[in-house]
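# Commentary on secondary and tertiary structure
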Amino acid sequence: MLDIRLIREKPEFVRERLATRGAGDERLVDDVLHSDEQRRQALAEVESLKAIRNRVSKEIGALLAQKKHAEAEAKKTETRELGDKISALDAQAKAAVTRRDALMLRLPNLPHESVPPGKSAAENVEVRQFGGKRAFAFPPRTHVELCEHLQLVDFARAAKLAGSGFLLFTHWGARLERALIQFLLDLHTQKHHYTEISPPFMVGPECLVGAGQFPKFRDQYYGVAEGDQPAELGKLYLIPTAETPIANLHREELLAEKQLPIRYCGYTPCFRGEAGAAGVGTRGMIRVHQFDKVELIKLVKPEEGYAEQEKMLADAERVLQLLELHYRVVLLCTGDMGFPSAKTYDIEVWAPGQGSYLEVSSVSNCEDFQARRMNLRFKSESGENRFPHILNGSGTALARLFVALLETHQQADGSVSIPAPLQPYLGTSVIRGEA
RNA sequence: GGAAGGGUGGCUGAGUGGUUAAAGGCAUCUGACUCGAAAUCAGAAGUAGGGGCAACUCUACCGUGGGUUCGAAUCCCACCCCUUCCGCCA
């Protein structure tokens, strides 16, 4: 959520920054200002009435203490009608806040000044590359072919169990998935000093609001119900990313400055409806309804937000470097960034079988946008309450990492060699077929 | 799911329908004492939102939402959460 005071004091700046996203959100600024004005008017009026009521009530108390019942009764009748006016105005003020906040929750974050302007992914800026595209002496197979040949994933039976868009890992495939999770968690906890978290895979809607997924994108998530009562629906949602529970860990808390920075990492499956995405790149493992991911989260002092983002990006890149995968880092343009983010880097890994780059990590600084939504603050050394910056980054997404790994390290005979750092986790240096 | 108890500030813990933002304690800050620190003594200090150039002032906040009342932390109703016991259960 944006700071209402910023909107009030610099509406032109806010409109200009929102406009760079190209979604037309700047048109909502006037509505916000209008309902904010209504709120303050009603507030000023009702609060002066309440001041009168409080004063008279105290006088009544004093009169009763002096046994002056007649005078007290007179004052009571005098004040009785005040209550009705107050509740009417209270309702007005409340309605204005509700209106204002409903609008505010739908305004995305303002892009940071260092973010290149642009309308779509085409205008993202490549920051750097690591490694190069592997040259093959044979036509590289796709991960689907490799998975079927090596019996790593049973696409047909996954569909039988849950429909399209789900994966059933088998044999070495299941072991590879598990090995990758373990490898990533060990790397980030032991080398990069994150604290491991294993959060719930379902959360209440307030967590999705806090992270910025609700209310605007409700249709993209899986709501679950205990039993089959429709009334139970909406109490819990399957998490779309570990960011949702982990970023909300300290919601509504007041942290001490010395607790910062806080660094968490956690493995969870991620569940996404991907509404409207059916038929687009749905073959194989690129876009699925459930995938595994190891997520990185940081809560930091605002002045350290952007330096910490660069470090987090390096932590995610390390994964691909160790796995000997070619990738590029892209700085997203204003029009391609996610709703809560002020600045986002994507890491795209090369998948030779696809002949394209796959997004395996997204490293964002959401500044205080999420912290405001979840009322997460810290008390600074000087005693003031401030909102921390909240950063999130994939470290990394698994299904696509799995794809890049197979397609990059495949051999002419259809086997897949395993990079050295992963071998202890998998217990083999090459995957040849059924375990 | 059933029963009982509980939810008050950064933490802990009192609380009578009427100067209650709410005793006391801990932690924090300032000052005194000290070469310095500890201990001790004195004092300050909640959060959020309005109004005002400002000094300042007003309002709200005792799990959440309603209600009763001139006035609610306190009384009533509903809900949420926590603890313990019972039931069910990996």
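Keep in mind that what you see is a predicted model, and the values were worked out from it rather than measured.

## Side note on the side chain of Ser-364
Tracing the chain through its elements places Ser-364 in strand β11 (residues 356–365). Only 2.8 Å separates the side chain of Ser-364 from the side chain of Thr-344, close enough to count as a polar contact.

## Thoughts on unusual backbone geometry
A cis geometry characterises the amide bond from Leu-260 onward to Pro-261, with omega recorded as 0 degrees. By secondary structure assignment, the location of Pro-261 is in the loop between β6 (254–256) and β7 (262–271). The omega angle of the peptide bond from Gly-395 to Thr-396 is 5 degrees, so this bond is cis rather than trans. As for its placement among the helices and strands, Thr-396 is situated in strand β14 (residues 389–397). Despite not being glycine, His-193 has its phi angle at roughly 65 degrees, a positive value. By the secondary structure assignment, His-193 is in the loop between α7 (171–191) and β2 (195–197). Positive phi values are uncommon outside glycine, yet Glu-324 reaches one of about 55 degrees.

## Section: the environment of Tyr-345
Locating Tyr-345 in the fold gives a position in strand β10 (residues 343–351). Overall, the relative accessible area of 6% leaves Tyr-345 in the buried class. Tyr-345 sits 18 residues away from Val-363 along the chain, and the two C-alpha atoms are 5.1 Å apart. Only 2.6 Å separates the side chain of Tyr-345 from the side chain of Glu-310, close enough to count as a polar contact.

## Here we look at the pattern of salt bridges
A full pass over the atoms with the stated rule returns 27 salt bridges. Salt-bridge contacts for Asp-25 lead to Lys-216; the nearest nitrogen and oxygen are separated by 3.5 Å. Of this pair, Asp-25 sits in the loop between α2 (11–19) and α3 (29–65) while Lys-216 sits in the loop between α8 (205–211) and β4 (223–224); the two residues are 191 residues apart in sequence, bridging distant segments of the chain. On the basis of relative accessible area, Asp-25 is assigned to the buried category, the value being 6%. Residue Lys-216 is classed as partly exposed on the basis of its relative accessible area of 32%.

## Some details on helix α4 (residues 69–104)
Along its 36 residues, α4 runs 50 Å from first to last C-alpha, staying within 8% of the 52 Å computed at 1.5 Å per residue. The largest bend in α4 amounts to roughly 25 degrees and is located at Glu-78. In the core, the buried residues of α4 are packed alongside α1 (4–9), α3 and α11 (369–373).

## Quick notes on the protein's contact with RNA strand B
Near RNA strand B there are 22 residues, and of these Arg-8, Arg-39, Ser-57, Arg-80 and Lys-94 occur at the shortest range. Between RNA strand B and Asn-385 there is a distance of 3.4 Å, counted from a sugar or linking oxygen to a side-chain nitrogen or oxygen. Every element with two or more residues in the surface near RNA strand B is listed here: α1, α3, α4 and β12 (377–379). The element that contributes the greatest number of residues to the surface near RNA strand B is α3, accounting for 12 residues. Residues belonging to the surface near RNA strand B are distributed by class as follows: 5 nonpolar, 5 polar and 12 charged.

## Topic: the sheet that holds β2
Strand pairing in a sheet relies on backbone hydrogen bonds. The paired strands run either parallel or antiparallel. Strands sit in the order β1-β9-β10-β11-β14-β8-β7-β2 across an open sheet of 8 strands; the sheet is mixed. For this open sheet the edge positions go to β1 (125–130) and β2, each flanked by a neighbour on one side alone. Direction aside, neighbouring strands of the sheet carry axes that sit 25 degrees apart on average. The sheet strands contacting α7 are β2, β7, β8 (290–300) and β14, and the helix crosses β8 at an angle near 10 degrees.

## Thoughts on the domain arrangement of chain A
On domain assignment, one finds that chain A holds domain 1 (4–104) and domain 2 (121–431). Taking the mean C-alpha position of each, domain 1 and domain 2 sit 43 Å from one another. With 4 residues of domain 1 at the interface, the matching set in domain 2 holds 8 residues. Broken down residue by residue, the surface that domain 1 buries against domain 2 is led by Thr-20, Arg-21 and Asp-25, which jointly contribute 81%. The interface formed by domain 1 and domain 2 holds 1 salt bridge in total. Where domain 1 packs against domain 2, one counts 5 residue pairs in polar contact (both at pLDDT 80 or more). Split by residue class, the side of domain 1 that touches domain 2 holds 1 nonpolar, 1 polar and 2 charged.

## Thoughts on the packing of helix α5 (residues 143–150) against helix α12 (residues 398–409)
Running from N to C, α5 and α12 point in directions that differ by 80 degrees, and their axes come no closer than 9 Å. On the basis of their axis angle, the class for α5 and α12 is roughly perpendicular. Contacts between α5 and α12 pair His-143, Leu-146 and Cys-147 from the former with Phe-402, Val-403, Leu-406 and Glu-407 from the latter. Residues belonging to the contact of α5 with α12 are distributed by class as follows: 5 nonpolar, 1 polar and 1 charged.

What counts as what
Residues numbered from 1 in each chain as written. Chains lettered and ligands numbered in written order. Predicted model: local features only at pLDDT ≥ 70, side-chain atom pairs only at ≥ 80, totals over all residues. Heavy atoms only, no water. Helix = DSSP H or I, 4+ residues; strand = E, 2+ residues; numbered from the N terminus. Polar contact = N/O pair within 3.5 Å; in protein donor to acceptor, adjacent residues only side chain to side chain. Buried < 20%, exposed > 50% of the residue type's maximum accessible area, 1.4 Å probe, protein only. Salt bridge = Lys/Arg side-chain N within 4 Å of Asp/Glu carboxyl O. Expected span 1.5 Å × (residues − 1). Bend = angle between axes of the 7 residues up to and from the residue. Contact = heavy atoms within 4.5 Å. Near = heavy atom within 4 Å. Nonpolar A, V, L, I, M, F, W, Y, C, P; charged D, E, K, R; others polar. Pairing = 2+ DSSP bridges. Axes fitted to C-alpha atoms, helices over the stretch in contact; angles between N-to-C directions. Domains from an automatic or database assignment. Buried area = accessible area lost by both parts, 1.4 Å probe. Parallel < 35°, antiparallel > 145°, perpendicular 65-115°, else oblique.

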